Amino acid sequence: MTATIRLTTAQALVRFLANQYSERDGHEQRLVPGAWGIFGHGNVAGLGQALLQAAVAEEADLPYYLARNEQGMVHAAVAYAKMRDRLSAFACTASTGPGSTNMLTGAALATTNRLPVLLLPSDMFATRAPDPALQQLEDTRSGDVTVNDAFRAVSKYFDRISRPEQLLSAAPAAMRVLTDPVETGAVTLALPQDVQAEAFDWPADFFRRRVWHVGRPVPEPAAVERAAQLLRRARKPLIVAGGGTVYSGACTQLRAFAEATGIPVADTHAGKGAVAWDHPCAVGGIGSTGAYAANELAREADVVLGIGTRYSDFTTASHTVFGNPDVTFVNLNVARLDAVKHAAEPLVADARLGIEALAGALAGRHVTDDYRRRSRALIARNREIEEECFAPGRGGGHLPAQTQILGALNDALDERDVVINAAGSMPGDLQQLWRARDPKAYHVEYAYSCMGYEVAAGVGAKMADPTREVVVLVGDGSYLMMAQEIVTMVSEGLKVIIVLVQNHGFASIGSLSEALGSQRFGTSYRFRNDDSGLLDGDVLPVDLAANAASLGAEVLHAEGVEDFRTAMEKAKAADRTTVVHVETDLYGPNPPAHGWWDVPVSQTSALDSTRAAYQAYAAHKATQRHYL
């Protein structure tokens, strides 16, 4: 007779998750190291009780962490998974209604970035006994629709557990997706609040220790040879290194391959640091906000070897940066979806194994001396541009330019220190200027580019690797979106440095608005002007530094670049979460543009500025192409 254990659905899920492990290359780790949660009536007596019982009765090792915002806890979980190369993923539990839907943005971010997170939104009563329950959305078309159905569009796997025994198949299915490098993203198990508390006799084997092996798909020999043939014929090849290079742990292999072949390496946001910035083959970020060297080489490249990249519009500069009319692509990617993009010769495989196979097939092949000299000349010009951006006197009036602060910050950090950013003007500046030497030192979320990610991500990144200094780089726009996880940093005793750059507005969208003829409308933090009726009055008396202090952080004020350098040294020496507040010029200047981004401009307008912007847009649009 099969042994059983009588537990509630929530208790069973907690015990199951505590016994899941992942393994790659012989190294095992907890697949689900803990659970984030904010409790309400939908989960306090279900998963809340189960997590308490697990801790107090020592029935399961699944630590609980309290967040201050449901979206924030998903961001923290995603940042943790990113730092751990997708081999570990936190669970996140929220109450019914708004608590659960607050996680939707985090779910979309996780799936867009292809990073694993387990979401456990509480749901309405499966029995429908108290129908309609508090916070229930009544759908006139169907009785089984709840707000949690919104997770279907942003999850890689979704299931609603309407009976306890359904967990027996749903829970392993969820683990399968979390550990699949092709399919991973947000995994959602919607849990009706009555089912969470319902008891069932569970097979004891359901709670056995399970190891989910994360494999390395081997490249097909014929595919390797087809890819190698294209690369052998290339006169101006270029590598584009994406996040898959980092997650696969293929950075050493990529550097060796670049050195052996002489092929220059450009990087995406997710791939930055795969090859150190000062490596002779490193040509910097590519695309809309890419570096001069990378984009010039991309315009000339006859064969592009994409490794672990999904070719977002920022990487391709909206299909304009690869300018050679005869350009062909070879895409090495674990996901066939990405391997076949741009009519590429696909090499569907693990990045590390694929690079090693290509290295063997191309043994003895090397770019020409002329092409090597061309690359080095462009790199030298890159360095000049960077130094110009870091130079004193770039800001307007008494305020420094943001680029000067970034230069000082880069000088202040060690090569293993992690910088976190996500949205606004800073990702563009960072892609050109940040000098990453470690694949985990550059943590910029730019697939979803979600304002509010930064502070919460600092929590997850620090938890993932406490040995690293973690620096959250956040503008006032993102800070105002979501800063409350500073309280979580304090409560958990995490030492994180937050560099709060205040310019009293949206610098990125303001600049874009101006370029597109919209005159920076609605992009400044100002009083409403009684004369114009617009938000273009005096600067608002907002004290974000005081806000950070009220949340429990130590706050240091920096007046200018040199004062900022001193403040950073104090922050690094501190043993608690410290905010360094500095004001910069809203109007830049930013690094020079070397790429384009397709943002449509009004085709007809009463504004001269918009009409002029449309003419410029049409000229760029004419260079856009499909790679067929």
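Predicted, not measured: the structure shown is a model, and the values here were computed from it. (Residues numbered from 1 in each chain as written. Predicted model: local features only at pLDDT ≥ 70, side-chain atom pairs only at ≥ 80, totals over all residues. Heavy atoms only, no water.)

A.B. asks: Explain a nonpolar patch on the surface here, please?
C.D. replies: A contiguous nonpolar surface patch, about 310 Å² in accessible area, is contributed by F39, V44, Y64 and L66. In this structure V44 comes out as partly exposed when scored by relative accessible area, which is 44%. (Patch = residues over 30% accessible without salt bridge, like charges linked within 9 Å, V, L, I, M, F, W, Y side chains within 5 Å. Areas by Shrake-Rupley, 256 points an atom, 1.4 Å probe, with all protein chains shown as cover. Salt bridge = Lys/Arg side-chain N within 4 Å of Asp/Glu carboxyl O. Buried < 20%, exposed > 50% of the residue type's maximum accessible area, 1.4 Å probe, protein only.)

A.B. asks: Which parts of the structure should I look at to understand the packing of aromatic side chains?
C.D. replies: Working definition: an aromatic ring pair is given by the centre-to-centre distance plus the angle between the planes. Taken as a whole, this structure holds 17 aromatic pairs when the rule is applied. On the numbers, 5.8 Å between centres and 15° between planes, the contact of W202 with F206 is stacked. In terms of burial, W202 and F206 fall into one category: buried. Note on F314 and Y446: the rings are 5.1 Å apart at their centroids and 80° apart in plane angle, and the pair reads as edge-to-face. With F314 in the loop between strand 15 (303–307) and strand 16 (328–333) and Y446 in the loop between strand 19 (442–444) and helix 17 (453–464), this residue pair connects regions lying 132 residues apart in the sequence. Each member of the pair, F314 as well as Y446, carries the same accessibility label: buried. Aromatic ring contacts, followed pair by pair, group F16, F200, W202, F206 and F207 into a single cluster. Lying across the ring of F207, R15 places its NZ or CZ 5.7 Å from the centre. In this arrangement the basic side chain of K272 is found over the ring face of Y442, its NZ or CZ atom lying 5.6 Å from the centre. (Phe/Tyr/Trp six-rings, centres within 6.5 Å; stacked < 30°, edge-to-face > 60°. Helix = DSSP H or I, 4+ residues; strand = E, 2+ residues; numbered from the N terminus. Lys NZ or Arg CZ within 6 Å of the ring centre and 35° of its normal.)

A.B. asks: Just checking my understanding: could you explain the nonpolar core for this structure?
C.D. replies: The nonpolar side chains of a soluble globular protein tend to be buried with one another. Counting residues in hydrophobic clusters, the biggest one holds 57 residues, and the most contacted among them are W36, M73, C92, V117, L119 and I498. The leading source of residues in this core is helix 3 (residues 70–83), at eight residues. Each residue touching V117, except ones within four places of it in the same chain, is listed here: V74, A77, V78, A89, F90, C92, A110, L178, G185, A186 and V187. Formed by 55 residues, the second largest nonpolar core is a distinct cluster that contains V275, V321, L332 and I379. (Core = buried A, V, L, I, M, F, W, Y, C linked by side-chain atoms within 4.5 Å. Contact = heavy atoms within 4.5 Å.)

A.B. asks: For this particular structure, what's the right way to read the pairing of strand 21 (residues 497–502)?
C.D. replies: Across a regular strand the side chains alternate sides, sitting on one face of the sheet and then on the other. Among the six residues of strand 21, six are classified as buried, and the element is accordingly described as predominantly covered. Going residue by residue along strand 21, you find I497, V499 and V501 tucked away on one face and I498, L500 and Q502 tucked away on the opposite face as well. Direction of pairing for strand 20 (residues 470–475) relative to strand 21: parallel, over a ladder of five bridges. Across the sheet, the residue bridging to G475 is V501, located in strand 21. Strand direction decides the pairing type here: strand 21 and strand 23 (residues 578–583), joined by six bridges, are parallel. Its bridge partner lying in strand 23, V499 is registered against V580. (Pairing = 2+ DSSP bridges.)

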